[in-house]
Amino acid sequence: MSDGAGDGARDGAAFLLAQLGAHAAAKFAARTQALGLTPPLVGVLRFLVRNPGSTQRELAEAIGMPPSRLVAMADELEGRGLVHRVRDEQDRRSHRITLTPAGEAELKAIGEQARAHEQELLAALSAEERGQLIDLLQRVAGQQGLRRGVHPGLSRP
């Protein structure tokens, strides 16, 4: 195993993925903190833009998150004016969650930060190489059974 001191030995792919993943996650967390959000809150907003009007239960199941944790996150997002909850007309026990205009604007700012983050992180690669990397990583993620577009950190308590 290489210590990074330039001895010519190569690190394994799993190690490099873990190393880069931890690095990328920390850098992204710093970017979202500047917006006053945590990465899990960003993950909920990202899911809602792709699945508007989801019930809290649907959202928790899709993300793989305990419903009680999702309720606390929805409370926080609603308190900040980023989402709106309404009772489901078909099932009065359920609430549907949608982004507010402020939530959509916040998601736009997050998108700008995410694009800048990816540009910085992958600056050593050409556009073609970035596309190849994304294709390969999506294939590996799919083979591992990871939910597309859902960070596995969301499902952790």
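Residues numbered from 1 in each chain as written. Predicted model: local features only at pLDDT ≥ 70, side-chain atom pairs only at ≥ 80, totals over all residues. Heavy atoms only, no water.

Engineer: Now, about the environment of T98: what can you tell me, with residues and values included?
Structural biologist: If you trace the backbone, T98 turns up in strand β3 (residues 95-99). Residues T98 and M65, spaced 33 residues apart in sequence, show a C-alpha to C-alpha distance of 18 Å. (Helix = DSSP H or I, 4+ residues; strand = E, 2+ residues; numbered from the N terminus.)

Engineer: Please set out the nonpolar core residue by residue, giving values where relevant.
Structural biologist: Grouped together as the largest cluster of nonpolar side chains are 23 residues, with contacts concentrated most on V44, L45 and L59. Those elements giving two or more residues to this core turn out to be α2 (39-50), α3 (56-63), α4 (67-79), β3 and α5 (101-121). Among the elements that make up this core, the one with the highest residue count is α2 (six residues). (Core = buried A, V, L, I, M, F, W, Y, C linked by side-chain atoms within 4.5 Å. Buried < 20%, exposed > 50% of the residue type's maximum accessible area, 1.4 Å probe, protein only.)

Engineer: Give a description of the environment of A62 that names residues and reports values.
Structural biologist: On the secondary structure map, A62 appears in helix α3. Classification of A62 as partly exposed rests on a relative accessible area of 25%. The spacing of A62 and A34 is 28 residues in sequence and 27 Å in space, taken between C-alpha atoms. Residues contacting A62, with those up to four places away along its chain left out, are F47, R147 and V150. (Contact = heavy atoms within 4.5 Å.)

Engineer: Give me the layout of surface pockets: which residues, what numbers.
Structural biologist: Approximately 2300 Å³ is the volume attributed to the largest pocket. What lines the largest pocket is a set of 47 residues, among which A24, R46, E118, L137 and H151 lie closest to the centre. Secondary structure elements with two or more residues in the lining of the largest pocket: α1 (13-34), α2, α5 and α6 (127-143). When residues of the lining of the largest pocket are assigned to their parent elements, the largest contribution, nine residues, is made by α1. (1 Å grid on protein atoms, 1.4 Å probe; cavity = no way out; pocket = protein on both sides within 12 Å on 5 of 7 lines; lining within 4 Å. Points joined across faces, edges and corners; volume = space filled by probe spheres on them.)

Engineer: Tell me what's going on with the environment of V42, and back it up with residues and numbers.
Structural biologist: Among the structural elements, V42 can be located in helix α2. Using a relative accessible area of 2% as the deciding quantity, one classes V42 as buried. Contact partners of V42, with chain neighbours within four places excluded, come to F28, T32, L37 and I110.

Engineer: Account for α6, naming residues and giving values.
Structural biologist: Between its first and last C-alpha, α6 extends 25 Å over 17 residues, near the 24 Å set by a 1.5 Å rise per residue. Once α6 finishes, G145 follows within two positions and takes phi at roughly 80°, a positive value. (Expected span 1.5 Å × (residues − 1).)

Engineer: Break down the pattern of salt bridges for me, with residues and values.
Structural biologist: The tally for this structure, following the rule as stated, stands at five salt bridges. For E120, the salt bridge goes to R31, with nearest N and O atoms at 3.0 Å. Separated by 89 residues along the polypeptide, E120 in helix α5 and R31 in helix α1 bring together distant segments of the chain. Residue classification places R31 among the buried positions, given a relative accessible area of 18%. Between E58 and R96 there is a salt bridge; the shortest N-O distance is 3.6 Å. Placement of the pair is E58 in helix α3 and R96 in strand β3, with a sequence separation of 38 residues. Each member of the salt-bridge network shares a partner with another, and the members are K27, R31 and E120. (Salt bridge = Lys/Arg side-chain N within 4 Å of Asp/Glu carboxyl O.)

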